[in-house]
Each structure stands twice: as C-alpha cells, then as structure tokens.
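Residues per chain, in single letters:
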Amino acid sequence: MAAPVAELRRVCRQAWEPVLAVAPRAVVFLDAASAEALHWGGGGAGELLAAGALAVRALAAEAAAGGSRVVFVVNGPLRGGTAAAVRRVLGQGGVRHCVLVSGGEAEGGGAAELEETLRRWMGEGGRAEVVLRGPPLLAPVSAELCLLPALAGLLMPLPGPGGPGPAEVGLGALPAELRAAVRAVVGDLDALFAALGLREESFAVGALSRVVAAELASYASARNRRRTAINKASVVFVDRTLDLAGAVGHHGDNLAEKILSVLPKLPGHKTDVMVNMVELTALQTADETCSIIAPGCLAQPNDPAAKALWESFMNLKQKEAVMEARRHLVEAASRENLPIKMSMGRVTPEQLSSYVQLFRNNLKALENHCGLLQLVLATVQTLKHPQTSKWDNFLAFERLLLQTIGESDMPSVLNQLLPMIKSYNERTKDDYTCEDFLILLVYMYSVVGEIKSGKELEAAEEEVKKALVKAICDEPEPPPVLRKITGCDSLLNLTSQKATDAVDEIFRSLRDIARARMHMKQFNSIHNPGSNTHQASYRPLLKQVVEEICNPDRPDPVDIEHMSSGLTDLLKTGFSMFMKVNRPHPGDHPLLIIFMVGGVTVSEVKMVKDLVATRKPGTQVMVLSSALLTPCSAVELLFAPDRLQPDADI
C-alpha cells in the first residue's frame, strides 16, 4: 500500500464511488457538507453529470424533484432539517425510485427501517434503497490538510468560572448537539482510518479533545480494526479554544490565508471563495458583485497545473507564491503562443492582470487554462483588496499588544484601545471596524491568559463595552458577522438592548477564553514576554505541542495525554509507574496525524509540516480539522449563538 498521506486523495475519491454507481438517469441532491466534499475532492458536479446524472441540485427546503428517479447524498444520518428536505422532495409526488447514500450505520432500526420510511414518504408503489458509504466525505484542501465539512461548528463550550477541569468532562456532560457531533467525528475517523489501513494510538490536549480521543479509543468498530491494521500512526487531538490567538492572528505571510480571508465566500460553502471572472469577458462593468458571470473558485481537483499552484499558495511565502503565479501564467501563455512580454523584477497585480487579458479572446486557451486563470485572478483581487493593506496594520498592532501585555496590566491595555473604537461616521478606511475590534479582543484575551479580576478591570471593560455598543448601533447596515452575533438580520430589529446583551455575552466569553489554559501545566502560556534584547512574541500552542512530540529525548509528555483503548494499555501505563515499561509516545510512529478540534488555519498547517520535516525527517504528517479558519470566521464560530444547530431525529 502507498504511503497514507499519498492515499488520502484516493480515499476522498473512493467515497464517491457508490454515488457514481447510482447516478445514471437520476436527479442527484446533495446536502451542503456533501457538496463541499464533492467540490474539493470528488471532481465537482461534472463528475456526477459525466456518470449519467440528469442534474445535480442542492438539498434545500424548497428543492423540487424534477425526475422520477432521485438520489440523495447526505453526509451524516437522516434527521432534522435534512430529513425534512428529503421528505418534502418525495412528498411532491412523481418520484417512483429513490436511493439514499449515507455514511456509517443508518440510525434507528438500520437500513430496512429507513427504506420503509422513504417508501412511506414517496407514497404508494415507490421503490427505495439505502446505500451505505465506506470512507467519509472529506474535503482535501491541500496535500496535507483534510476537512470534515459536516462538522464546521464543532467547538468546545468555553469553561465558565470554576468550571470542571479537562479530566472531569465526559461525553455525558456535553450538550446534546455536541455529543452528536463527537459521535459523528469518531464514526468518520474510524471509516477514514479503515480505508487507510491505520492502527492508531490516540492522544489529547484539552477537554473536548480528551472526549473525542477517549470515544475513538473505545469505539467497538475501531478496536476491531486496530487488531488487524498494519500501518501505525499517532493521532493527536488538540483543542482550538486553548489558543484562539492563532485563529484570529495575522502572523502568516501566506497568500492562501489572505485569499480565504478577504474574498467573499462561495454561496453555501464554508471554505472556498468567489473569484470575479468579469475580467475574462467583454462585459464592461465596475460592479464588484456582478452576478451575470458565474464566479470562479480555488478548488480545481481536475486541473493538475492549478492544483500545483494552489499548493504553492499554501506552502510558500506570499512574495514567492505571487512569483510562482506569474511563472505558471507565462508558461501557459507561451504554450498557447500568446504574445507575452516577459518582465523581471517585482510582480504587481497590474502585471498579472495584463497577462490574464491575453487569454481573453482565445476560447481554446481559456478552456485549457481555466483553473489556473481562476487562481491568478483570486491573487490579483486579493492583492488589490483594501482588507489586504489592513492585514499589515493588524500585524503591527498585534506585535504592539504583545509588548504592552508584557509591560502593563489588562485595564491599561483596554484603556489604550478605547479611543480607537469609532462609529461608522467617524471612521476612515484605515480605522478598525466593529468586527476588527472583536478580532483584536479575542487575540488579547487569549494571549494574556488568566486575568486577576477587580474593580479596575471591570471599569475598563465597561467603557469598552459602551463604545462597542454605540459603534454597533451606528452601523448603517450591520455586516453578516454582527448580524449573526446580535441575532438581528437588519438594522430595524437591532435595538440598543440587543446590542448590549450581545456585547455582555461576548465579554463573558472573553473572560472564559483567558481561562482556557488554566488546567495546563506545560502549555499554560502562549506569550513570550521578551527581555532587554528580545521583543515579546507569540508562541503558538500547536508549535509547542509538535516540538514536544518531536523532542529527541522523548520526555514523558505532561499535557499530551495518551487515551488507552483497553486493558493492555492500562496495564502498560500502570506498570510504567514502578517498572521500566515504555509508555506510548506520540512520536513513536511513522505517521503523525494532528486533529485540530474546532478549526485550523493555513499558517498552522504549514508550521506543523515544516516543524516535522525539520525535527523528525522521515515522519509523514497529516492535518485534519473541522474547519479552515480565517480571523472573521473564528470570531463568528466563537460568538454566534447557533454554531451547532440542534438536529432532532426523524
């Protein structure tokens, strides 16, 4: 068998084989998470149409059948909103044969009972079948990074004051929706590891990670698999909430991270973005959101050149990645005999734009290099975007915060922040918006760690709260993040009281964010206060964890807990207290899998890859997560009240 990391893309494709087999002469409906997995790793909708599907549609509340044979592809079990949408399609009449392709074991009484339910929804004479997939539907965003799109809202509730320590939190103590999400993660990981032939040891850093790792270790199907699998691996689960500065910070000099942060999201997608393609047409419009032309995107699973360029965006520094974009474009233009004038020196967005224009009136060249042109246009639009010039301002301010936090207490840092909170009418383009302030506050509270409360801190927080409430209420049109956080979809519903309640809740969460590492012994700080000769700096928690795993001295990890899967492991751990028995160590195996529970950033994936290559050459590394975070999406995940919508059973 090939190396597991190289096998990952094959497994992502393999998950779609049962769907391709039943697609001919059918209308295929996909839920959002399945659509995202198809988009990144299944070859896109074109793959289903090539297999004979009549149409590919989103499984939404208002979906219409449009054929007598339909296939439903759902990422998890059939329940809640998904079940309601399936029922509505079947209830319209006209469908005589339906196939449900779902993951893992069918809930309830198994496939037979599910088929009976589908037949009842279809009405007299309908034929239903349930097909169970093997591997889960994953989104392979890059060679080392795979996402589980169905679980984008997976995040540990923040610990309240005096809350339980990580060791005291079990599956039963979690809210119902989070329990269901943990079980879904465990089922998906077991199916993935089975497809890769892995025998894993599970380790955890943090409370939710501990629950997931313990569930995976004791999951019956996983225990059976581990008896026969031959490829050994260490899986280390790490809680996102232990280091939120990494999720909202602007440390990475990375083009992919900036593209994902500044361009608008592709509708219905959590990760990919819309690329404006008007430049490649004869349409003359200054409208940024021109919706006549379909948008481009970053995922190009069927285009090797575009895929290679995207890997460069993920792995190189911005300057090198932009030069790589120019190189690919020049080579493509030369192959098509386009009149390109090669210029050396610094690459500008205008120069890239002029190269793109050469392809405009040449349909064959456009078709041959469409994926590449989408990525280059994404680069041009990102480099010209006003938010990109703000990126450096953020970075400078974060560095200043790191210095200030080391020298003064939290109230004085908050007081310094206060005059910068301006209402819409007072702001210039360089001033911070309300969402920008939420990003900075999360960064501050996560970096500083536990704060001594007192009257001074409360007074400083109250002033910042008042200024934020005023700024939120003065927004002429609240941006999407603020709408979600306040629960108000328009300015008409946004009252001062609703804004005050939302901001109070945010500050309660910020205090909890500062407490997140209080139970850690080794990884209890992500702030290096600096000295007379060195500036203060941010020490990513994930970097500390990976350095500990790669430490050649193999010390017993303090905060990386091994989750035993049976009596043998327990005996090993017990005996090691008074005998020379090697306890399992996360650096033991040729494959290291890091699972960031609650989302990961592009910079963190690159950091893990580079660290392992330097410190432990020969070890393969794979990063899995529930979401690819940007500063804005991290704030939304933290503060929007409906992260994991409860999904009742059928």
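Residues numbered from 1 in each chain as written. Predicted model: local features only at pLDDT ≥ 70, side-chain atom pairs only at ≥ 80, totals over all residues. Heavy atoms only, no water.

J.: Tell me about the sheet that holds strand β1 (residues 27-30), and name the residues and values.
T.: If you trace the five strands from one edge of the open sheet to the other, you get β2-β1-β3-β4-β5, paired in parallel fashion. Two strands close off the open sheet at either side, each with one partner strand: β2 (55-58) and β5 (127-132). For this sheet, the mean angle separating the axes of adjacent strands, direction not counted, is 20 degrees. The pairing of strand β4 (residues 97-102) with β5 spans six bridges and is classified as parallel. Considered in β5, the bridge of S102 is made with L132. Docked against the sheet, helix α6 (residues 111-122) engages β4 and β5, running at close to 145 degrees with respect to β5. (Pairing = 2+ DSSP bridges. Helix = DSSP H or I, 4+ residues; strand = E, 2+ residues; numbered from the N terminus. Axes fitted to C-alpha atoms, helices over the stretch in contact; angles between N-to-C directions. Contact = heavy atoms within 4.5 Å.)

J.: Go over the nonpolar core with me, naming the residues and quoting the values.
T.: V236, W310, F313 and Y445 are the most contacted members of the largest nonpolar core, which has 131 residues in total. Apart from residues no more than four positions distant in its own chain, Y445 is found in contact with M410, L414, I451, E461, F507, L510, R511, I513 and A514. With 42 residues, the next largest nonpolar core counts L151, V211, A213 and A233 among its residues. (Core = buried A, V, L, I, M, F, W, Y, C linked by side-chain atoms within 4.5 Å. Buried < 20%, exposed > 50% of the residue type's maximum accessible area, 1.4 Å probe, protein only.)

J.: Help me get a handle on the pairing of strand β14 (residues 620-625), residues and values and all.
T.: Among the six residues in β14, five count as buried, and that is most of the element. Looking at chain direction, strand β7 (residues 145-147) and β14 are connected through three bridges and run parallel. Bridge pairing links C146 to L624 in β14. Relative to β14, strand β13 (residues 591-597) is paired through six bridges, and the arrangement is parallel. The residue of β14 that forms the bridge with L592 is V621. Crossover connection from β13 via helix α25 (residues 602-615) to parallel β14: handedness right-handed. (Right-handed = clockwise from strand over helix to strand, strands pointing away.)

J.: A description of the pattern of salt bridges should follow, citing residues and the corresponding values.
T.: For the coordinates displayed, the defined rule picks out 29 salt bridges. When the shortest N-O distance is used, the salt bridge between E116 and R119 registers 3.3 Å. Here E116 and its partner R119 are both found in helix α6, three residues apart, which amounts to about one turn of the helix. Taking relative accessible area as the criterion, E116 reaches 40% and is therefore assigned partly exposed. Relative accessible area serves as the criterion here: at 31%, R119 is assigned to the partly exposed category. For R225, the salt bridge is made with E200, and the minimal N-O distance between the two is 2.7 Å. Taken as a pair, R225 in helix α9 (residues 220-228) and E200 in strand β8 (residues 198-205) lie far apart in primary sequence, 25 residues in all. There is no split in this pair, since R225 and E200 are both buried. Through salt bridges with shared partners, a single network forms among D190, E200, R225 and R226. (Salt bridge = Lys/Arg side-chain N within 4 Å of Asp/Glu carboxyl O.)

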